[in-house]
Amino acid sequence: MNQSNQIRKTALYCRLSQDDGIEGDSNSIQNQKAILQKFAEDHHFPSPCFYVDDGFSGGTFQRPAFQQMISDMENGEIGIIVTKDLSRLGRNQLHTGLYIEERFPMFGVRYIAINDNVDTDSSESNDLMPFKNLFNEWFIRDTSRKIRAVLKAKAERGERLGTRAPYGYRKDPGTKKLIVDEEAASIVRRIFAMCAAGSGPSQIARILKKEQILTPTMYAYTRYGITHTCLDTAHPYNWSNSAIANLLENEIYLGNTVNMKHSSRSYKDKRRVEHPREECLVFENTHPALITREVWDVVQRVRKNKRRLTKMEEQSKYSGLVFCADCGSNMVLHRAHTMSASYNHFTCRTYKKDGEACTGHYIRECVLDEIVLEDLRRVTSAAREHPEKFAAYIGSKQSTELQREIRRQEKELAAMRKRKAELDAIFKKLYEDSVLGRITTEQFQMLSGSYTEEQNRITAGIPQKESEIQRLRETVNGTDSFLDKAKRYTDITELTPELLRLFIEKIVVHEKEVKWSKHAPKTVEIYYNGIGYVGSGQQDAEETPEAPDPLQTQDTEKPRQAS
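Residues numbered from 1 in each chain as written. Predicted model: local features only at pLDDT ≥ 70, side-chain atom pairs only at ≥ 80, totals over all residues. Heavy atoms only, no water.

**Points about the sheet that holds strand E13 (residues 331-334)**
- Strand order in the open sheet formed by three strands is E13-E14-E15, with antiparallel pairing between adjacent strands. Two strands lie at the open edges of the sheet, namely E13 and strand E15 (363-364), each paired on one side alone.
- Sheet analysis places E13 next to strand E14 (residues 345-348), joined by four bridges and oriented antiparallel. Across the sheet, Leu333 pairs through a bridge with Phe346, a residue of E14. (Pairing = 2+ DSSP bridges. Helix = DSSP H or I, 4+ residues; strand = E, 2+ residues; numbered from the N terminus.)

If you want it as structure tokens, here you go:
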């Protein structure tokens, strides 16, 4: 034994993963400790101490106790490292060999694997070590392949792959299926309701934190004793923006099971790869839903638009709904403590940034309230009183608009395909010229480089355009859903954020025909979810295939600047 090893401690390293557990008690941590302790005592190794990684795979070396042992070794505190066998050190052939043959000798450390008869102080015992490391890696590769096969089979059967119940649910002790946890489910429903009303993840997180609502991980810990790697007992109410956003995008609250959302590249590379929804396995109605499809659709529409607080730290009920008819940008609400609420008004965001790029499209909020409330009552009343005629009118109008949009998209797709063919011909000609020596390599690179970006953009855009056309062709008439909502809301007396997002897709404000005129008409178009724009003369035009003229309103107020 080297003198340097006598004055440094002996590291007795134990490791057990979930995969190793299937082999029984022979690899248990207690059994490893007993073997290593006896070996160290029989050989009179100095200052033995244990480093234990329980529940960590041998395929990775990012294990807390192992990293601590390496840190101590690099600080000169360890002279000998002992494991029960080579597989306890690791099952990655390359990395295990690197540590044994390079890293350990670099710091003057002796390594011993008892059952494999490996001792770096005895060169004869190391001849078969590379083959043993290879067999150890084959074991983890085979185990990984079997686990992937089992998980894929479960996913295809519609069984949920997650081990923990998501926030708002708990597992039935008998069947292990998801059942509603009413206490947490009420918070989930409230989060969706706040988002449907226009609040963003950061605003919702601040509200929950202020009200001292336990975070999902802290709730699971205090209620069921379940721990999580993200558990932070020092900050039990610290809701994060990302946690709220993930919750709002999780289809599990619709009662759906979505499997194969992500995977790892291999048993060596554990980085998570997200899969697009088309590649996932979706099974509907596998457990009780916490929210309705109606609420889900409203929330997803709200999430697509950024919602900003006003300078008065208030959220406009129209946030993300009002748009300029000319430039398409959002309309900005202007309000101030020094200004009467009756003068709160919307103007075009583009006009606010650059007065020459667009016009103001000024409209007071109270006037918009009157227009929207009156039109909402009119349309819902028509849907309730004449459902068959209303459905026929909407169906005819949607069919015409949908076919027009499909033709436009198909025209763009044809142009993209034509341009792609042209670029392919250009590249072929450039390649021939380069091979025949008509142009130099530098000229070829310069000429082809200018087309490469365009070709890549078109190549990526064609599948997207094809998917959009397919989506349009599969569009389902939303009239039935609108009729159902109209029957439920029979007495609409005021506008709320939830009501607006339930019925309305967007509100488009046109400029006055004569700017600053007190009597010039202003056109406001209201587009409803699932049915689109319904003109003011809809009931009179039921017998005609053409859509009626848009709603005409008078706004006689001259714009006033918010102070």
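Next, the rest of the story.
**Focus: helix H10 (residues 241-248)**
- Within the sequence span of H10, burial applies to Ile244, Ala245, Leu247 and Leu248. Each buried residue of H10 lies within a common arc of 160 degrees when the element is viewed along its axis, so the set occupies one face.
- On the buried face of H10, the contacting elements are helix H7 (182-196), helix H8 (201-210) and helix H11 (293-304). (Buried < 20%, exposed > 50% of the residue type's maximum accessible area, 1.4 Å probe, protein only. Arc of directions from axis to C-beta. Contact = heavy atoms within 4.5 Å.)

**Some thoughts on the pairing of strand E17 (residues 521-528)**
- By the criterion of burial, E17 is predominantly enclosed, with six of the eight residues buried.
- Two elements, strand E16 (residues 504-509) and E17, share five bridges in a ladder whose sense is antiparallel. Note that in E17 the partner of Lys506 across the bridge is Tyr527.

**Details of helix H3 (residues 64-74)**
- Listed in full, the buried residues belonging to H3 are Ala65, Phe66, Met69, Ile70, Asp72 and Met73. Along the long axis of H3, the arc covered by the buried residues comes to 160 degrees, so they all point the same way.
- Tucked inside the fold, the buried residues of H3 contact strand E1 (9-16), strand E2 (48-54), strand E3 (78-83), helix H4 (86-89) and helix H5 (93-106).
- Just downstream of H3, Gly76 is the residue with a positive phi angle, here 80 degrees.

**Quick look at the confidence of the model for the protein**
- Averaged over every residue, the pLDDT of the protein is 82; the share at 70 or more is 88%.
- Here residues 1-6 is a poorly scored stretch, pLDDT under 50, and it has 11 contacts once near neighbours within four places are set aside; other chains count.
- Across residues 537-563, confidence stays below pLDDT 50; counting only partners more than four residues off in sequence or on other chains, it has 67 contacts. (pLDDT = per-residue confidence, 0-100.)

**A short note on the pattern of salt bridges**
- Tallied over the entire structure, the rule returns 29 salt bridges.
- One salt bridge in this structure joins Asp85 and Lys84, with 3.4 Å as the shortest N-O distance.
- Judged by relative accessible area, Asp85 falls into the buried class, the value being 11%.
- Among the residues examined, Lys84 registers a relative accessible area of 8% and is labelled buried.
- A salt bridge links Asp121 to Arg110, with the shortest nitrogen-to-oxygen separation between them at 3.5 Å. Here Asp121 is found in the loop between strand E5 (118-119) and helix H6 (129-156), whereas its partner Arg110 is found in strand E4 (residues 110-113), with 11 residues between them in sequence.
- Owing to a relative accessible area of 45%, Asp121 belongs among the partly exposed residues under this scheme.
- When its relative accessible area of 13% is taken as the criterion, Arg110 is described as buried.
- Several salt bridges converge on common partners, so that one network encompasses Lys317, Arg335, Glu365 and Asp369. (Salt bridge = Lys/Arg side-chain N within 4 Å of Asp/Glu carboxyl O.)

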